[in-house]
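Okay, here's what each chain looks like letter by letter:
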2 protein chains.
Amino acid sequence: MSDYNEEIVPEMCKVTDALGILVGKWKPVILLHLLKNGTQRFNELKRSLPGITQKMLTNQLRELEEEDIIERKVYAQVPPKVEYSITDYGTSLEPILHAMHVWGANHTIHKQTKRNNQAEAK
Amino acid sequence: MSDYNEEIVPEMCKVTDALGILVGKWKPVILLHLLKNGTQRFNELKRSLPGITQKMLTNQLRELEEEDIIERKVYAQVPPKVEYSITDYGTSLEPILHAMHVWGANHTIHKQTKRNNQAEAK
DNA sequence: CCGTATCCCCTGAGATACTG
DNA sequence: CAGTATCTCAGGGGATACGG
């Protein structure tokens, strides 16, 4: 691995920074959904994410917007219409999300076989 | 992006799973340090991570061990000697950590220039 | 040297109700 | 439709002290 010089403390660690942006119960799921389906309205998202509350959805969207990962577009009309989409900048996260998806899927299998081995060991 | 089928809820999302393993205040920093410097003793780690408490260090190490990311080797001797190292399996995380490091470093710059632009806008 | 055991605090997140 | 406003609770993480 190249040079991770003196990032020996969380406050200096760029990995921790990147992580911070993805962390949040619904953030990965929201990002994957927007990447896959493109622009979505607020209620469209809400319906696609069973179990999320309005508060949480607003909250997670705001935090992602704050980091310029997603864009919020408000149409001045009644009834209100608000659209959310991934920014160009936000798409730079896609390779990372993809890698984590693959790794996570594999890890699920890893843990499963581990449990099986432990079970047959007795 | 390929197929992220019905992972429309956090409990099914593999990205969330992968994230869960990296999340923890000192985990990224510990992993980077072990990847860079190889096997380390407990106190060696503690000294390298200014500000971490014994409790936290033990805690984070245990959680990583639980996922087979790191290995804990206890030598039966007094005074005690315990060594920690990344497992082969654990090194599969390195590309992800590297990608996050690069992305995070760039994001720091992104936010900085953003602030500068906002400042000169007035 | 390498840890546990406590106590305490703060924030992320759920439930619920209200509004332009 | 697309949000705020409260209230509440669990658990991640700090400080500190003790133990094999």
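The structure presented is a predicted model; accordingly, all values stated were derived computationally and were not measured. (Residues numbered from 1 in each chain as written. Chains lettered and ligands numbered in written order. Predicted model: local features only at pLDDT ≥ 70, side-chain atom pairs only at ≥ 80, totals over all residues. Heavy atoms only, no water.)

Peer 1: Would you explain the interface of chain A and chain B in this entry?
Peer 2: Where interface size is given, it is often the accessible area lost as the parts come together that is meant. Contact with chain A, which involves 54 residues of that partner, is made by 54 residues of chain B. When the two sides are added together, the surface that chain A and chain B hide from each other amounts to roughly 4900 Å², 68% of it contributed by carbon and sulfur. Between chain A and chain B we count 6 salt bridges in total. Across the pair B:Asp68 and A:Lys114 runs a salt bridge, and its minimum N-O distance is 3.4 Å. Here chain A is connected to chain B by 14 residue pairs in polar contact (both at pLDDT 80 or more). Broken down by secondary-structure element, the contributors of at least two residues to the side of chain A that touches chain B are α1 (14-22), α2 (27-37) and α6 (94-120) of chain A. In terms of residue count, the dominant contributor to the side of chain A that touches chain B is α6(A) (16 residues). Looking at the side of chain A that touches chain B residue by residue, the class counts come to 28 nonpolar, 13 polar and 13 charged. (Contact = heavy atoms within 4.5 Å. Buried area = accessible area lost by both parts, 1.4 Å probe. Salt bridge = Lys/Arg side-chain N within 4 Å of Asp/Glu carboxyl O. Polar contact = N/O pair within 3.5 Å; in protein donor to acceptor, adjacent residues only side chain to side chain. Helix = DSSP H or I, 4+ residues; strand = E, 2+ residues; numbered from the N terminus. Nonpolar A, V, L, I, M, F, W, Y, C, P; charged D, E, K, R; others polar.)

Peer 1: What is the right way to read the protein's contact with DNA strand C from this model?
Peer 2: Taken together, 19 residues form the shell around DNA strand C, and within it A:Lys25, A:Lys55, B:Gln54, B:Arg72 and B:Tyr84 come nearest. Counting only atoms of DNA strand C within 4 Å of the protein, the fraction found in sugar and phosphate groups is 63%. For DNA strand C, a phosphate oxygen lies 3.4 Å from a polar atom in the backbone of B:Val82. Elements with a contribution of two residues or more to the surface near DNA strand C: α4 (54-66) of chain A together with α3 (42-48), α4 (54-66) and β3 (81-86) of chain B. Counting residues per element, the surface near DNA strand C draws most heavily on α4(B), which supplies 4 residues. (Near = heavy atom within 4 Å.)

Peer 1: Help me understand the protein's contact with DNA strand D in this model?
Peer 2: Taken together, 19 residues lie near DNA strand D, and A:Asn43, A:Arg72, A:Tyr84, B:Lys25 and B:Lys55 sit nearest. Looking at DNA strand D alone, sugar and phosphate atoms form 65% of those within 4 Å of the protein. Take A:Arg41: an N or O atom from its side chain is 3.0 Å from a phosphate oxygen of DNA strand D. In this structure, A:Asn43 approaches DNA strand D through a main-chain N or O atom, which is 2.9 Å from a phosphate oxygen.

Peer 1: Would you mind showing me how to read the packing of α1(A) against α2(A) here?
Peer 2: Axes are the key here: two packed helices are described by the angle between their axes and the distance separating the axes. Residue and element names in this part refer to chain A. Contact pair α1 / α2: the axes reach a minimum separation of 8 Å and the direction vectors enclose 75°. Here α1 is positioned roughly perpendicular relative to α2, judged by the angle of their axes. Contacts from Gly20, Ile21 and Leu22 of α1 reach α2 at Lys27, Pro28 and Leu31. Here the contact of α1 with α2 is built from residues that sort into 4 nonpolar, 1 polar and 1 charged. (Axes fitted to C-alpha atoms, helices over the stretch in contact; angles between N-to-C directions. Parallel < 35°, antiparallel > 145°, perpendicular 65-115°, else oblique.)

Peer 1: Sorry if this is basic, but what is going on with the sheet that holds strand β1 (residues 40-41) of chain B here?
Peer 2: In sheet architecture, strand pairing relies on hydrogen bonds along the backbone and comes in two forms, parallel and antiparallel. Residues and elements named next belong to chain B. Judged by pairing direction, the sheet is antiparallel, and its 3 strands sit side by side in the order β1-β3-β2 without closing on themselves. What marks the edges here is a single partner per strand, and that holds for β1 and β2 (70-75). In terms of strand pairing, β2 meets β3 through 6 bridges, oriented antiparallel. Opposite isoleucine 70, over in β3, you have isoleucine 86 as the bridge partner. Contacts between helix α2 (residues 27-37) and the sheet are confined to β1, β2 and β3, with β3 contributing the most and set at about 90° to the helix. Contacts from α4 reach β2 and β3 within the one sheet, and its direction differs from that of β2 by about 115°. (Pairing = 2+ DSSP bridges.)

Peer 1: Even after reading the chapter, I still don't get the packing of aromatic side chains, so can you show me in this structure?
Peer 2: The geometry of an aromatic ring pair is captured by the separation of the ring centres together with the interplanar angle, meaning the angle of the planes. Counted by the stated rule, this structure contains 2 aromatic pairs over all chains. Seen from the ring of A:Tyr75, A:Lys81 lies directly overhead, with NZ or CZ sitting 4.7 Å from the centre. (Phe/Tyr/Trp six-rings, centres within 6.5 Å; stacked < 30°, edge-to-face > 60°. Lys NZ or Arg CZ within 6 Å of the ring centre and 35° of its normal.)

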